[in-house]
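Okay, here's what each chain looks like letter by letter:
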Amino acid sequence: AVVSTQSTGDRSRFGLDVPKSVILQEYVTLTDESKHVLTREIWRRIFRYLLPGSLVQCMKCCKVWLDWISDPIFWPSINLSRYGPIFPDTLKSVVLRQPGEIDLSYCTITRKQCDWLLPRLPNLKTIRLSGLPMNIIGSLNGPLVANLRHIDLRWVDDLNDWGLRDLLSVSSGRDHKPRFRDLQGLQLSGCPLSDDVINNIIRYCPNLKHLDLSYNSNMNDRVVEAICASDLIYSLTKIDFSGCPHVTDKSLLMMKKCYDLTWLDFRSCREVTRGACVRFAHSFKKELIITEDKLIHPPTVDVYLQAS
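These numbers come from a predicted model, not from an experiment.

Scoring rules and cut-offs
- Counting from 1, residues in each chain are numbered in the order their sequence is written.
- pLDDT decides what is reported in this predicted model: residues at 70 or higher carry local features, side-chain atom pairs at 80 or more are listed and counted, and totals for whole chains, interfaces and linings draw on all residues regardless.
- Excluded from the side-chain calculations are hydrogens and water; all other atoms, namely the structure's heavy atoms, are used.
- Think of it this way: any DSSP run of H or I at least four residues long counts as a helix, any run of E at least two long counts as a strand, and we number them from the N terminus.
- Burial classes follow relative accessibility: with a 1.4 Å probe on protein chains only, a residue under 20% of its type's maximum area counts as buried, one over 50% as exposed, and anything between as partly exposed.
- Nonpolar cores were defined as sets of buried Ala, Val, Leu, Ile, Met, Phe, Trp, Tyr and Cys residues, with membership established by side-chain atoms within 4.5 Å.
- Throughout, a contact is declared for two residues whenever any of their heavy atoms are within 4.5 Å.
- Any Lys or Arg side-chain nitrogen found within 4 Å of a carboxyl oxygen on Asp or Glu counts as a salt bridge.
- Read the arc as the range of directions from the helix axis to the C-beta atoms.
- We call two N or O atoms a polar contact when they sit within 3.5 Å, provided that within protein one can donate a hydrogen and the other can accept it, with sequence-adjacent residues counted only if both atoms are side-chain atoms.
- The rule for pairing is simple: two strands pair if DSSP sees at least two bridges between them.
- Between the N-to-C directions of two axes lies an angle of 0 to 180 degrees, each axis being a line fitted to C-alpha atoms and, for a helix, fitted only over the stretch in contact.

Let us look at the overall build of the protein. Counting secondary structure elements, the protein contains 13 helices and 14 strands. Within the protein, buried positions represent 47% of all 308 residues.

Have a look at this one:
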């Protein structure tokens, strides 16, 4: 027998009413009391090939499989997007699985539930909160979310410049440094932000690699100029300005200052010409190609995978 990877101390710290210890059986016991020929380790290898929906169905088969599949190794990410209503048992099951990524986009989670959940996910690196109201987004102001590396806030209709500044500027600990100074990805597509918001992003997220400001009519060449005058030129690898009508060819000329760019999206930018994109790709220090009209990326990149 093997003790579960989720220790009793961890479970009590998370405030969960669970048994003091969970012993994992090595075999499934059949109806005639004999042991199934496959061991736990072999089943684990099989389970790794299954999608989350299939894993959930397998967990319903028997108590042994339930215990085996509850191991966090099978749950690097959990998708609750458009899910609802969310009950306490759902939140507890998320905590027991300790995912590195969670998608809560457009779900019916409450602020109280979010405040309870996030501090109990210390391994969380990516969170997706697209389409949720700002009062839910405020849960990111909690004291235990500084480990996040990617935040998706696309289409948060009431997220304005002041709200984003308050979110990013909260300090962590006694050093009074911004808690999201190590953030690598920030997606703000469709949010009603002004072009001045870039100053807060530069100030509080100096190590960004992926910045999404797409589908915002207020984004313009001033935003790109501010980026290229900051230390973000050393870290940014992916920038998305698709659907921004006031970004022009001038932005492409300035972006040559960025050292490690591998992905630029200017689709649906009517003031950006394909010719300017071609000239940028041909003159940039890295090998880049253009697909889908004005999408610039390396020739070996899967466009549909990277778009997420």
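There's plenty left to go through after this.
Further remarks concern unusual backbone geometry. Backbone torsion omega between G84 and P85 reads -5 degrees, so that peptide bond is classified as cis. Within the secondary structure layout, P85 lies in the loop between β3 (77-79) and α5 (88-97). We note that W155 has phi near 60 degrees; this positive angle belongs to a residue other than glycine. A relative accessible area of 37% places W155 in the partly exposed class. With a phi angle near 50 degrees, E292 is a residue other than glycine that sits in the positive phi range.

Looking now at the nonpolar core. Residues L140, L153, L164, L188, I201 and F241 are the most contacted members of the largest nonpolar core, which totals 88 residues. For this core, the element with the most residues is helix α10 (residues 221-228), which contributes 5 residues. Once you skip the residues sitting within four places of it in the chain, L188 turns out to touch L153, R154, L159, L164, L193, I201, D212, L213 and S214.

So, about the pattern of salt bridges. Per the counting criterion, the structure on display carries 15 salt bridges. Here D196 ties to R222 by a salt bridge, and the two come within 3.4 Å at their closest N and O atoms. A residue pair is termed long-range when its members are at least 10 positions apart, and D196 in the loop between β9 (185-187) and α9 (197-204) and R222 in helix α10 qualify at 26 residues. Across the salt bridge formed by D260 and K286, the nearest N and O atoms sit 3.5 Å from each other. Taken together, the residues D260 in the loop between α11 (249-254) and β12 (263-265) and K286 in the loop between α12 (274-283) and β13 (289-291) connect sequence positions 26 residues apart. What makes D260 partly exposed here is its relative accessible area of 31%.

Here we take up helix α2 (residues 40-47). Taken residue by residue, α2 has R40, W43, R44 and F47 as its buried positions. Projected down its long axis, α2 shows its buried positions confined to an angular sector of 105 degrees, all on one face.

Once that is clear, we can look at helix α8 (residues 161-169). Of all the positions in α8, only D161, G163, L164, L167 and L168 are classed as buried. In a view along the axis of α8, the buried residues occupy a sector of 165 degrees, so they form one face of it. Along its buried surface, α8 packs onto α7 (134-137), β8 (177-178) and α9. The distance from a side-chain oxygen at the start of α8 to the backbone nitrogen of W162 is 3.2 Å, and the residue carrying that oxygen is N160.

Below, the discussion takes up the sheet that holds β12. Reading across from one edge, β3-β4-β5-β6-β9-β10-β11-β12-β14-β13 is the order of the 10 strands in this open sheet, with mixed pairing throughout. Only two strands of the sheet have a single partner each, and these edge strands are β3 and β13. Between one strand and the next, the sheet's axes are offset by a mean angle of 5 degrees, whatever the strand orientation. Here 3 bridges tie strand β11 (residues 238-240) to β12, and the two strands are oriented parallel to one another. Bridged to D240 within β12 is D265. α12 rests against β12, β13 and β14 (295-297) of the sheet, and its axis sits at about 150 degrees to β13.

Treat this as a map of the structure, not an account of what it does.
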